[in-house]
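Analysis of the macromolecular model
Letter by letter, the chains look like this.
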Amino acid sequence: MSETSCLKCRNAFPPHELFAVPGGRICGPCQVDSEEVAEQGSLKGNPLMIAAAIGAGVPMVFSMHSSSSQTVNGVVTHFEYRDWPAVIGGATALIFGLLLVIQVVRKKLSPSKLGYVALGLVLLAGGRHVARGLGAFATPPAASGADTLSDNQP
Ligand SMILES: [Zn+2]
């Protein structure tokens, strides 16, 4: 019986209608079901993942940074760099990415290996965007006395 019955629904099927899976064979309808479950648990098409990816992606193509610096006697006394799309996009990626991490921890999601990689990249990119947007990678202009808009886009 085990050779010709579905592992999941236990119904008997002709051998050519069964698909080999680890541990036995399952029928067509059951295979479709398990694929749908896998799809639900994956990050592909997950609204949170889409939001996180947009947050991580937007600052890569859309940058609106401004920097201001004040130079007194050739010494930079004040330097500020802000890139709000990077800050907002990066924060969005971090927030939604962390929400996904929580769901994975609570076993509501079971991402594929690729899903884990994508989630990791989104979180990394998000963190980097926020840091860049707040000026972590910006360097003050050379103390030449002239106020210049520096473009330190990596
Ligand atoms: Zn079945």
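The rules we used
- Within any chain, residue numbers begin from 1 and follow the written order of that chain's sequence.
- Where totals are concerned, whole chains, interfaces and linings use all residues; where local detail is concerned, this predicted model gives features only for residues with pLDDT of at least 70, and gives and counts side-chain atom pairs only at 80 or more.
- Numbering goes from the N terminus for both helices and strands, where a helix is a DSSP run of H or I of at least four residues and a strand is a run of E of at least two.
- By the criterion used throughout, residues are in contact when their C-beta atoms, derived from the backbone, lie within 7 Å.
- The convention used is that axes are lines fitted to C-alpha atoms, helices contributing only their stretch in contact, and that angles between N-to-C directions extend from 0 to 180 degrees.
- These descriptions rest on fixed angle ranges, namely under 35 degrees for roughly parallel, over 145 for roughly antiparallel, 65 to 115 for roughly perpendicular, and the rest for oblique.
- Left-handed describes a crossing whose near helix is turned anticlockwise from the far helix by less than a right angle; the clockwise case is right-handed.
- Expected span of a helix, by definition, is 1.5 Å for each gap between consecutive residues, and there is one gap fewer than residues.
- Here a residue counts as buried when 20 or more other C-beta atoms sit within 10 Å of its C-beta, as exposed when there are 12 or fewer, and as partly exposed otherwise, the C-beta atoms being derived from the backbone.

**Focus on the environment of A12**
Residue position: A12 is located in the segment before β1 (18–21). A C-alpha to C-alpha distance of 8.8 Å links A12 and C27, two positions 15 residues apart in sequence. Contact partners of A12, with chain neighbours within four places excluded, come to T4 and S5.

**Some remarks on the packing of helix α2 (residues 47–61) against helix α4 (residues 113–133)**
Describing two packed helices takes the angle between their axes plus the distance from one axis to the other. Between α2 and α4, the least distance of the axes is 9 Å, while the angle of their chain directions is 45°. In terms of axis orientation, α2 runs oblique to α4. Taken as a pair, α2 and α4 cross one another with a handedness that is left-handed. Contact residues: α2 offers A52, A53, G55, A56 and P59, while α4 offers V122, A125, G126 and H129.

**Re the environment of S68**
Among the structural elements, S68 can be located in strand β3 (residues 65–72). Put simply, S68 and E80 are 12 residues apart on the chain and 5.2 Å apart in space, counted from C-alpha to C-alpha.

**Quick look at helix α3 (residues 84–105)**
Since the α-helix turns once every 3.6 residues, residues separated by three or four places project in the same direction. Helix length check: α3 (22 residues) gives 31 Å between terminal C-alpha atoms against 32 Å at 1.5 Å per residue, within 8%. Buried-residue contacts for α3 involve α2, β4 (75–83) and α4. A positive backbone phi angle near 65° is found at K107, which sits one or two residues after α3.

**Overview of unusual backbone geometry**
Its identity as a non-glycine residue notwithstanding, R10 has a phi of 65°, on the positive side. Residue placement: R10 occurs in the segment before β1. Classification of R10 as exposed rests on a count of 11 C-beta atoms within 10 Å. Of note, K107 is a non-glycine position whose phi angle comes to about 65°, a positive value. Locating K107 in the fold gives a position in the loop between α3 and α4.

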